[in-house]
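Coordinate inspection notes
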Amino acid sequence: MSRLISTLLFIILTLSVSAQHSIQSTVFDAKNGLPLEMATVRLLSSKDSSLVKGCQTDLKGAFMLEKIKEGNYILIISSVGYNEQTRNVTMEKKDILLKSFQLIENVKVLKEVDVKGTAAQLVVKGDTIEYNATAFKTQENAVVEDLLKKLPGVEISTDGKITVNGQEVKKIRVDGKKFFGDDVEMTTKNIPADMIDKIQVLEQKSDMALLTGFEDNDTERIINLTTKSNRKKGTFGNISAGAGIDTNNDFRYDGNANINLMNNDVQTSVVAGANNLNTTRSSRGRFGGAGQNSGITETQNIGLNNNTIVNPKLKFGGNVTFNHSNNTGETNTVKDSYLKESVYNDSTYTKTNNESYNTNLTLELEWKIDSLNTLVFQPNISHSLSNSTSSRNFLYQTNNDTTSWGNSNNNGNGSSLSGGFNLIYSRKFLSKKGRTFTANLQSGFSDSNNESFNYSLKNTVSNQRIVDQFTTNNSNKYNYSIRMSYVEPLWNNKNLLEASISIRNTTTTSEKLQYNTTDPNAHLLLERDAYISEANFDSAYSNNFKNIFYSEALELNYRFYQQNFNLMLGVKGEPSQTINERIYKNGQIISNNYGVFNFSPTGRFQYNFGKKEFARIDYRGQTEQPSITQMQPVKNNSNLMNETVGNPELNPAYSQNLRLFYSVFNDKTFSSFSTMIGGTATKDALVSNSIYDPTGKQYNQTVNANVIPYSVEGNIMYNTPIIQKRLHFNTSTQLGYSTRYGYTSKGVATDDIDIEHLMLGDLSETRRLSGSEQLSLTFTNDFLEIGTRGNVRYSDSKNNLSATQNTTWDWTGSGNIVVRLPYSINISSDINYTTHEGYANFDQNELIWNASIDKTLFKGKGTIAFKATDILRQRLNIRQIIGDNYIQYSSFNTLPAYFLVTFSYKIAKFNGNTSKADFNNRENRFGPGMRGGEGGGEMRMRNSGGDGGGFDRGF
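Not measured: the values here are computed from a predicted model.

Another aspect to go through is the overall build of the protein. Of regular secondary structure, the protein possesses 7 helices and 48 strands. Out of the 955 residues in the protein, the part that is buried amounts to 53%. In the protein, the share of contacts with a sequence separation of at least 24, taken over all contacts with a separation of at least 6, comes to 67%. Surface summary for the protein: the accessible area is close to 41100 Å², and the carbon and sulfur share equals 56%.

If you check the backbone angles, Y823 has positive phi at about 60° while not being a glycine. Residue Y823 is classed as exposed on the basis of its relative accessible area of 69%. Even without being glycine, R873 reaches a positive phi, approximately 60°. Relative to the helices and strands, R873 is located in the loop between β45 (862-869) and β46 (878-882). Judged by relative accessible area, which is 58%, R873 ranks as exposed.

What follows deals with the sheet that holds strand β3 (residues 51-56). A sheet is described by the order of its strands in space; here 4 strands give the open sequence β3-β2-β5-β6, paired in antiparallel fashion. Only two strands of the sheet have a single partner each, and these edge strands are β3 and β6 (85-91). Neighbour-to-neighbour, the strand axes of the sheet open up by a mean angle of 20°, direction not taken into account. As paired strands, strand β2 (residues 40-45) and strand β5 (residues 71-78) are joined by 6 bridges and run antiparallel to one another. Bridging from a neighbouring strand, L44 pairs with I74 of β5.

Glancing now at the environment of Y357. Among the structural elements, Y357 can be located in strand β23 (residues 342-368). C-alpha of Y357 to C-alpha of N387: the two residues are 30 residues apart in sequence and 9.3 Å apart in space. Not counting chain neighbours up to four residues away, the residues in contact with Y357 comprise F322, N323, H324, H383, S384 and L385. Polar side-chain contacts of Y357 include one of 3.0 Å to the side chain of E355.

Bringing the side chain of T720 into the picture now. Topologically, T720 is positioned in strand β38 (residues 710-723). For T720, a relative accessible area of 13% corresponds to the buried category.

Now for the environment of N850. Secondary-structure assignment places N850 in strand β44 (residues 845-857). Residue classification places N850 among the buried residues on the basis of a relative accessible area of 17%. Separated by 18 residues in sequence, N850 and N832 have C-alpha atoms that sit 8.8 Å apart.

What follows deals with the nonpolar core. Grouped together as the largest cluster of nonpolar side chains are 32 residues, with contacts concentrated most on Y131, L148, I162, I196, I199, I223 and L225. Mapped by element, the contributors of at least two residues to this core are β10 (128-132), α3 (144-148), β11 (154-156), β12 (162-164), β14 (171-174), α4 (184-188), β16 (196-204) and β17 (220-227). Non-local contacts of I199, meaning those with residues more than four positions away in its chain, are made with I129, E130, Y131, A133, L147, L148, L151, I223, N224 and L225. Grouped together as the second largest cluster of nonpolar side chains are 19 residues, V27, A39, I77 and I96 included.

Further remarks concern the confidence of the model for the protein. With 83% of its residues at a pLDDT of at least 70, the protein reaches an overall mean of 79. Counting interchain partners and residues more than four positions distant, the pLDDT-below-50 stretch residues 109-118 has 13 contacts. Long-range and interchain partners of residues 912-955, a stretch whose pLDDT sits below 50, account for 217 contacts in this model, where long-range means more than four residues apart.

Turning our attention to a nonpolar patch on the surface. A surface patch of nonpolar side chains, about 930 Å² in accessible area, is lined by I245, L821, I827, I853, F858, I864, F866, F899, V901, F903 and Y905. Every element with two or more residues in the nonpolar patch is listed here: β45 and β48 (898-912). The element contributing the most residues to the nonpolar patch is β48, with 4 residues. Residue position: Y905 is located in strand β48. Taking the relative accessible area as the measure of exposure, Y905 reaches 36% and is therefore partly exposed.

A separate point is the environment of R173. Topologically, R173 is positioned in strand β14. C-alpha separation for the pair R173 and T187, spaced 14 residues apart in sequence, amounts to 8.3 Å.

Within this structure, the stated rule accounts for 18 aromatic pairs. Between the aromatic rings of Y794 and W809, the centroid separation amounts to 4.6 Å while the plane-to-plane angle is 50°, which identifies the pairing as tilted. One end of the pair, Y794, is in strand β41 (residues 784-799); the other, W809, is in strand β42 (residues 805-821), and 15 residues separate them in sequence. Judged by its relative accessible area of 24%, Y794 is partly exposed. With relative accessibility at 29%, the residue W809 sits in the partly exposed group. Seen from their ring centres, W809 and W811 are 5.3 Å apart, and the 10° between their planes marks the pair as stacked. Here a set of aromatic residues connected by ring pairs shows up, and it is made of F560, F565, F605, Y607, F609, Y662 and F673. Across from the ring centre of F101, 3.8 Å away, lies the NZ or CZ of R87, which sits over that ring.

Rules of the game
Residues numbered from 1 in each chain as written. Predicted model: local features only at pLDDT ≥ 70, side-chain atom pairs only at ≥ 80, totals over all residues. Heavy atoms only, no water. Helix = DSSP H or I, 4+ residues; strand = E, 2+ residues; numbered from the N terminus. Buried < 20%, exposed > 50% of the residue type's maximum accessible area, 1.4 Å probe, protein only. Contact = heavy atoms within 4.5 Å. Areas by Shrake-Rupley, 256 points an atom, 1.4 Å probe, with all protein chains shown as cover. Pairing = 2+ DSSP bridges. Axes fitted to C-alpha atoms, helices over the stretch in contact; angles between N-to-C directions. Polar contact = N/O pair within 3.5 Å; in protein donor to acceptor, adjacent residues only side chain to side chain. Core = buried A, V, L, I, M, F, W, Y, C linked by side-chain atoms within 4.5 Å. pLDDT = per-residue confidence, 0-100. Patch = residues over 30% accessible without salt bridge, like charges linked within 9 Å, V, L, I, M, F, W, Y side chains within 5 Å. Salt bridge = Lys/Arg side-chain N within 4 Å of Asp/Glu carboxyl O. Phe/Tyr/Trp six-rings, centres within 6.5 Å; stacked < 30°, edge-to-face > 60°. Lys NZ or Arg CZ within 6 Å of the ring centre and 35° of its normal.

Shown next as structure tokens:
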């Protein structure tokens, strides 16, 4: 009898335990979408309001209440400074995953604890840096780029490249959503600075990684801009127009419009602009990647961006843009090539005019078919037209003795059409929590057609050579890839195993046809009929080329997560096959096939020492496929001093990357410290092989290096307020060391140079040490901002074939002041002094002084401003490039000093602050195993509806 009673008691106890399940959810700040750490979670009994269980949220705002019996409960979420939220919960025979909580700030409480002065400049949450936009004063009508330039650790180069603490940022999101795709300049140069609340610098995983929970090669450092909470519903934006004159008495103009239509679930932005001030407000309209200070650029652009939430299961968006740019440039270049026992030097003066038209359409759709299935579809298409003219004068010397001189004129035009899609499907399984299957299919195509006229004259001591040719080059490219991932929880949801397989194919065909003529007037007419004939056809410089590249990858990854640390380890095998086929116009066909196998481990380990301190180490390998230009085995003599030929036997390059991060933030003093050190080594690196004939002419081909180039870099950033919320200090230090390899030989007789099998030159090794130090000090209050910044950059490079050591220094000191006077008058001024040392004959100093004054009119809606740039007329534009076997210095013409009067009008009509479909109140898609925090470094854009605590890729 006692055994029977014991057995019954055991069965009852077992059933009772098995009936206990968990409650999971996440807690976010409704204003900025960031997770709330240390929020209090209380579960009360509905019968008597007694406390059943409680906990606090982790670094990602996630929580889990385990072993909850069946019944009715009251769940209460609270945090200091926020309104409390309550939700009724019924626990049945299954785990519950609740829609996330969006806590709203308690404005009354916040006002009671308000402190006079500006906010802290920045806070660090894990590996996310969050800048407070209100702590940085900007001029009226300033755009996001003006704001970014004031942030500690942020730098924007003349060509628009953004780096934060030495790491490049290639994408920007607005409230977690895509704004004109990945066109950074459409965001930074169109959105008004005064609509930004926070600037977050964080890591964004790929769409695939967000669904699987396992990182891949596509994780990137991005910037997310959060808008002010009162901009959620209504119409707002800026319209501005300006006109002026430069010191050459040329007319200067600038017009821009940014209109945002917000209706909770539907967000639409329209941007348009035109100027001749070297302001490229879209990178898609920039010809050939020219920097904003390289020459004189006139641009026009218009674009439409939309994000729409149809319902919680269906969201779509996209953008369409049109851009036109015209750039006129003049460049002086001095290039020293490294050779044994001698120096080849060439000096070149070039004038160019480049014009381009670009149209782009990108769409995106996300459909949550049900609670288990998700589909993402992203199609795109673009079209471009371009034309260019250039003239060039050159002088080549060997050990200061002239070997050749001459000039060339080129005229070309082209068109291209490209498009593709990205399709992702993800499925979760009810049979086992955490089990997922994800498939990603990508496909794309491009078709380009180009033609050019080239007339070149080369003189040597003994003869003269003239080339007058017409060339057409048509290429087609098609690619597809598929990756499938299967994630299986092991003995619990903290241990997961991913197996993935991927296949990638790229097929490229290219046809080059070249015609030469001896007609002395042909280059004056620039007509196709004057060149195209059977007699003028040049079979030696014409051919068809086809390249087929396959690669496969098999990965096995393991992931373990707990509160204080997480670990991911994996192995990857990646074989690849290359098939090349050459068809010459004389009927000859040459084909060659070869394969490569690369194997590498992957790993990531992160340890959270506390809520505001973490360390992480990453390691990963990646393959780089040669371009069709590098592989196509057809000679190119359009430049009589530099003849290039493709190399069809190139192997893909394979790089291995290792990085270590450490970050800590003191939330009492608002000081932060972060450091990073990383290194890259590349097997089969794609480098230059340059062979010079006695006249200095260069025959150039890309080859695989038989040695491994590597680089090591590190940076340290420290930021602290000296006077709380008034005076801020920042220091940023960077140091790097790298080796580059190439091959080069001098004075090779022309008869000994075989273009089909170009000889390998002597090994050229360039070692470079570089470093920089930046110090800044900023004083801010409601009426005044004064900032100072000092920066020094050092570069030292030495090549084994040259006795010359190339050392450059750039010393920069700058200051800025913004004064807000009565009667809505603001005065702004900035001054920047730079001295350059070591830039060959370009060593010069410059002192750039800009100033503006503006007055607000019409109850704050209108602003009239007077702006003067480069008042002292000292702007320079010089650049250093260190190649595989050369060093080059260039100076460019730049925009003269100018004066501009502008008027701008603000459109601001708002209907409310928030809604049920607020930007940061969207249902998220979670990757399995992402329940806790990885230092807060991943983007959290929508709230969860999946297994564990993850984040969304943005839209």
